Amino acid sequence: MDAKRVRRQGEADQDPEMEKGERWRGVEVALVGLLITLPLLVFLFGGHWSTSAFFSRGAPLPASTKGSRNVSSSSSSAAASLPTIPTPKNILGGLLSPAFDERSCLSRYKSALYRRASPFAPSSYLVERLRKYEALHKKCGPNSRRYREAVEQLNSGHNSHDSQCQYVIWFPCNGLGNRMLSLAATFLYALLTNRVLLTYVPKEQANLFCEPFPGSSWVLPPYFPIQNFYRFNRDSPQSYANMLKNKVISNNVNVSAESLPAYVYFHLEQFRLRLDNNIFCEDDQLILAKFNWMILKSDSYFVPPLFLMPMYEDELRRLFPAKESVFHHLGRYLFHPSNSVWGIITRYYESYLTKADERLGLQIRIFPEKPISFDDMYDQLFKCLMKEELLPTTTTTESSSNSSSTIKRLKSVLVTSLYSGYYEKIKSMYYENPTSTGEIVAIYQPSHEEWQHSEAQTHNQKALAEMFLLSYNDKVVISAWSTFGYVAHGLAGLKPWILLRPSWNQKTADPPCLRAMSVEPCLHSPPSLDCKAKRDVDPGALVPHVRHCEDVGQGLKLVD
Ligand code: GDP
């Protein structure tokens, strides 16, 4: 792979092609910069600041229209891109609760301003269910009387039938993208089963996200009776599948709640690209529903199989009339970068991306278990960009329009990758040659960490910042199989172009990329459903809205 090189940030700004029109853009940037930073100054120096108070005083600004971005600086008109701040009562169409202190989490109020408007409005039923969930979380969450009672029950070593609050404790594994997808899936599972979601937050994940539920916390308090969550795995005797196998419990749905152990471990980590049996079968879910405490460990977006279960069908239809909007809404509801991560995001965006007329995000993920040479990967990427007309071709001749003083269209390309080579090579191409369209193409890459360090907090902060920065683009190209990429396009509400994996007899994939059929992430590891059918069935052939993924043959994804 490409040798480590020190990248000079802002290098592309020195590109001579970019000097023209710079002064005009400078005025725009100053105007928009003022609009973006003024609220911050008011907050810092004026004591009490409210986004709604600042932007909606007098005649309210028009709501954003589909396809437009609220924070931008199009060279056509700075005035037309005045930022509109949603009032706290109606953030993301009511998706987010208004009951928060705005200053505690700036991204909650501002992130949507950096994106194109969402193509999906949340259903009124989803909004209603989220407010009900928040009330339940407040009633049963850490520090409540009911939580203390539930912990006492857990300490007693027995389950009970009269608990008013049931819990699912999410335990993470693998990289941040995997974690965010599995956490969103666990939250949906909590909504469907009326459980309260608590998260085990390891130190490398501390201070990444704001609290999503008002008046309570989703962090599992310390001094919880069960310690050492790392011991839970597929072989744990407390796992539901093993308890059935070892006859600690029976699969009789009439089993009494009091006869069950104090908690159940629900193992949803992929193993050889399959999820365990006895997970997505209704009888099993009826038994699992009797446990007041569930520990769930997962690296997977296990949402598609929930859509295969008749018991959740009505509820899911009401929650998500557009099936491909599940992660888009749940991700935007749950994941708000902490103020320190938000600082990284906004510093980068405002330094490099604000000025662009059009933004393209490229995510290049090389998996150690599927190595590909730098040249082959670059070749595939280049073919995809040209074939899909995502970037202009270059010429060798300088035309008069290239040297005139007219304002040119500025295209920004944000590259995210652990390596700097792809960024360097694309940047050189547009540095050394003019584009055939006369557009200016500016290439940026926020970091190149070289190695995955999911155990390190600052590394994860950058990963989160880059997923969000990718989600602020107008178009996104992602790597096959990458949950990092899925999170970015899912939050954005965009159907990405997916750089496919070459099959075993190819050097590069042909076609090099495909446009995804849905905004939803792919579940790589489908469950075995033979508990239901008593034979192995194809979960991608049961209902029209659960299909196999473009990039992962056996994977499952929701489509409309
Ligand atoms: P996946 O392995 O591609 O499915 O995505 P994950 O997010 O689960 O794990 C990959 C991890 O590697 C990320 O969470 C980051 O820690 C790191 N990583 C991979 N690609 C990038 C990148 O482009 N930028 C940064 N900052 N980190 C990356």
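Up top you'll find the structure we're talking about.
Residues numbered from 1 in each chain as written. Predicted model: local features only at pLDDT ≥ 70, side-chain atom pairs only at ≥ 80, totals over all residues. Heavy atoms only, no water.

Visitor: Would you take a moment to explain the site of the ligand for this structure?
Guide: Around the ligand, 19 residues are found, and the nearest of them are Asn178, Arg365, His459, Ser482 and Thr483. Within the contact set of the ligand, an oxygen atom lies 3.5 Å away from a backbone nitrogen or oxygen of Gly175. Note that an oxygen atom of the ligand is positioned 2.6 Å from one of the side-chain N or O atoms of Thr483. Considering the ligand on its own, with 550 Å² of exposed area, one finds that the protein chains cover 97% of that surface. Those elements that place two or more of their residues in the shell around the ligand are helix 6 (176–193), strand 6 (410–417), helix 16 (457–471) and helix 17 (483–492). With 4 residues, helix 16 is the single largest residue contributor to the shell around the ligand. Its residues placed into classes, the shell around the ligand shows 6 nonpolar, 10 polar and 3 charged. (Near = heavy atom within 4 Å. Polar contact = N/O pair within 3.5 Å; in protein donor to acceptor, adjacent residues only side chain to side chain. Areas by Shrake-Rupley, 256 points an atom, 1.4 Å probe, with all protein chains shown as cover. Helix = DSSP H or I, 4+ residues; strand = E, 2+ residues; numbered from the N terminus. Nonpolar A, V, L, I, M, F, W, Y, C, P; charged D, E, K, R; others polar.)

Visitor: Help me understand the packing of helix 13 (residues 374–387) against helix 15 (residues 421–432), please; the structure alone is not making it clear to me.
Guide: Helix packing for two helices is described by the angle between their axes and how far apart those axes are. Following both chains from N to C, one finds helix 13 and helix 15 inclined at 50 degrees, their axes separated by 11 Å at the closest point. Taken as axis vectors, helix 13 and helix 15 run oblique relative to one another. Crossing geometry of helix 13 relative to helix 15 is assigned as right-handed. Residue-level inspection shows Phe374, Asp375, Met377, Tyr378, Leu381, Phe382 and Met386 of helix 13 in contact with helix 15, the latter providing Gly421, Tyr422, Lys425, Ile426, Met429 and Tyr430. Among the residues forming the contact of helix 13 with helix 15, the class breakdown is 10 nonpolar, 1 polar and 2 charged. (Axes fitted to C-alpha atoms, helices over the stretch in contact; angles between N-to-C directions. Parallel < 35°, antiparallel > 145°, perpendicular 65-115°, else oblique. Left-handed = near helix turned anticlockwise from the far one by under 90°. Contact = heavy atoms within 4.5 Å.)

Visitor: Looking at this structure, I do not really get the sheet that holds strand 9 (residues 497–499). What am I missing?
Guide: Within a sheet, neighbouring strands are paired by backbone hydrogen bonds and run either parallel or antiparallel to one another. Here we have 6 strands laid out as an open sheet, ordered 7-6-5-8-9-10, and mixed in their pairing. Only two strands of the sheet have a single neighbouring strand rather than two, namely strand 7 (440–444) and strand 10 (513–515). Along the sheet, successive strands turn relative to each other by an average axial angle of 20 degrees, direction set aside. As paired strands, strand 6 and strand 7 are joined by 5 bridges and run parallel to one another. Counterpart to Lys411 in the pairing with strand 7 is Val441. Where helix 13 meets the sheet, its contacts fall on strand 5 (358–364), strand 8 (475–479), strand 9 and strand 10, and the angle it forms with strand 5 comes to roughly 150 degrees. (Pairing = 2+ DSSP bridges.)

Visitor: How do you make sense of the nonpolar core when you look at a structure like this?
Guide: Soluble, globular proteins show a tendency: their nonpolar side chains are buried together. Core analysis: the biggest nonpolar cluster contains 133 residues, and Phe187, Leu188, Leu197, Phe224, Trp293 and Leu306 have the highest contact counts within it. Here this core spans two domains, and each of domain 1 (124–328) and domain 2 (339–558) adds at least three residues to it. Ignoring sequence-local partners within four residues, the contact set of Leu188 consists of Val303, Leu306, Leu316, Leu319, Phe320, Val326 and Leu330. Counting 29 residues, the second largest nonpolar core, distinct from the first, contains Met377, Tyr423, Met429 and Cys513. (Core = buried A, V, L, I, M, F, W, Y, C linked by side-chain atoms within 4.5 Å. Buried < 20%, exposed > 50% of the residue type's maximum accessible area, 1.4 Å probe, protein only. Domains from an automatic or database assignment.)

Visitor: Is there a simple way to explain the environment of Trp497 in this structure?
Guide: Among the secondary structure elements, Trp497 is positioned in strand 9. By relative accessible area, Trp497 is classed as buried at 7%. In this structure the C-alpha to C-alpha distance between Trp497 and Ala516, which are 19 residues apart in sequence, comes to 6.0 Å. Excluding its chain neighbours within four sequence positions, the residues that come into contact with Trp497 are Glu388, Leu390, Lys475, Val476, Val477, Ile478, Cys513, Leu514 and Arg515. A distance of 3.2 Å separates the side chain of Trp497 from the side chain of Glu388, its partner in a polar contact.

Visitor: Is there a simple way to explain the pairing of strand 8 in this structure?
Guide: When a strand is regular, its side chains alternate between the sheet's two faces. Counting buried residues in strand 8 gives 4 out of 5 residues, a clear majority hidden from the surface. By the bridge criterion, 3 bridges tie strand 5 to strand 8 in an arrangement that is parallel. Of the residues in strand 8, the one forming a bridge with Leu360 is Lys475. Relative to strand 9, strand 8 runs parallel, the two sharing 3 bridges. Note on strand 9: the bridge partner recorded for Ser479 is Leu499. In the classification by handedness, the crossover that spans strand 8, the intervening helix 17 and the parallel strand 9 is right-handed. (Right-handed = clockwise from strand over helix to strand, strands pointing away.)

Visitor: Help me out: how do you make sense of the sheet that holds strand 4 (residues 293–298) in this one?
Guide: Strands sit in the order 2-1-4-3 across an open sheet of 4 strands; the sheet is parallel. Each having just a single partner strand, strand 2 (195–199) and strand 3 (264–268) make up the two edges of the open sheet. Strand after strand, the sheet turns through a mean of 25 degrees between neighbouring axes, direction not considered. Pairing geometry for strand 1 (residues 166–172) and strand 2, over 5 bridges, is parallel. The partner of Gln166 across the bridge, within strand 2, is Arg195. Strands in contact with helix 5 (residues 145–156) are strand 1, strand 2 and strand 4; relative to strand 4, the strand with the most contacts, it is inclined by about 85 degrees.

Visitor: I would appreciate a short explanation of the state of the cysteines in the present structure.
Guide: The bond known as a disulfide is covalent and runs between the sulfur atoms of two cysteines. According to the stated counting rule, one finds 4 disulfides in the structure shown. Two residues, Cys384 and Cys513, share a disulfide whose sulfurs are 2.1 Å apart. Looking along the S-S bond of the Cys384-Cys513 disulfide, the torsion reads about 90 degrees, which is the right-handed sense. Of this pair, Cys384 sits in helix 13 while Cys513 sits in strand 10; the two residues are 129 residues apart in sequence, bridging distant segments of the chain. The exposure class of Cys384 is buried, given its relative accessible area of 0%. Given the relative accessible area of 2%, Cys513 is considered buried. One disulfide in the model links Cys522 with Cys549; its S-S distance is 2.1 Å. Residues Cys522 and Cys549 share a disulfide whose torsion about the S-S bond is about 90 degrees; that sign makes it right-handed. (Disulfide = S-S within 2.5 Å.)

Visitor: Explanation requested: the pattern of salt bridges in the structure shown.
Guide: Close approach of charged atoms allows side chains with opposite charge to pair. In the structure shown here, the tally under the stated rule is 19 salt bridges. Note that Arg103 and Asp101 form a salt bridge whose closest N and O atoms lie 3.8 Å from each other. Accessibility expressed as a relative area gives 41% for Asp101, which makes it partly exposed. Two residues, Glu358 and Lys475, come together in a salt bridge whose shortest N-O distance is 3.7 Å. With Glu358 in strand 5 and Lys475 in strand 8, this residue pair connects regions lying 117 residues apart in the sequence. The class of Glu358 is buried, set by a relative accessible area of 16%. Through salt bridges that share partners, Glu358, Arg409, Lys411, Glu439 and Lys475 make up one connected network. (Salt bridge = Lys/Arg side-chain N within 4 Å of Asp/Glu carboxyl O.)

From the geometry alone we can't say anything about function, so treat these as descriptive.
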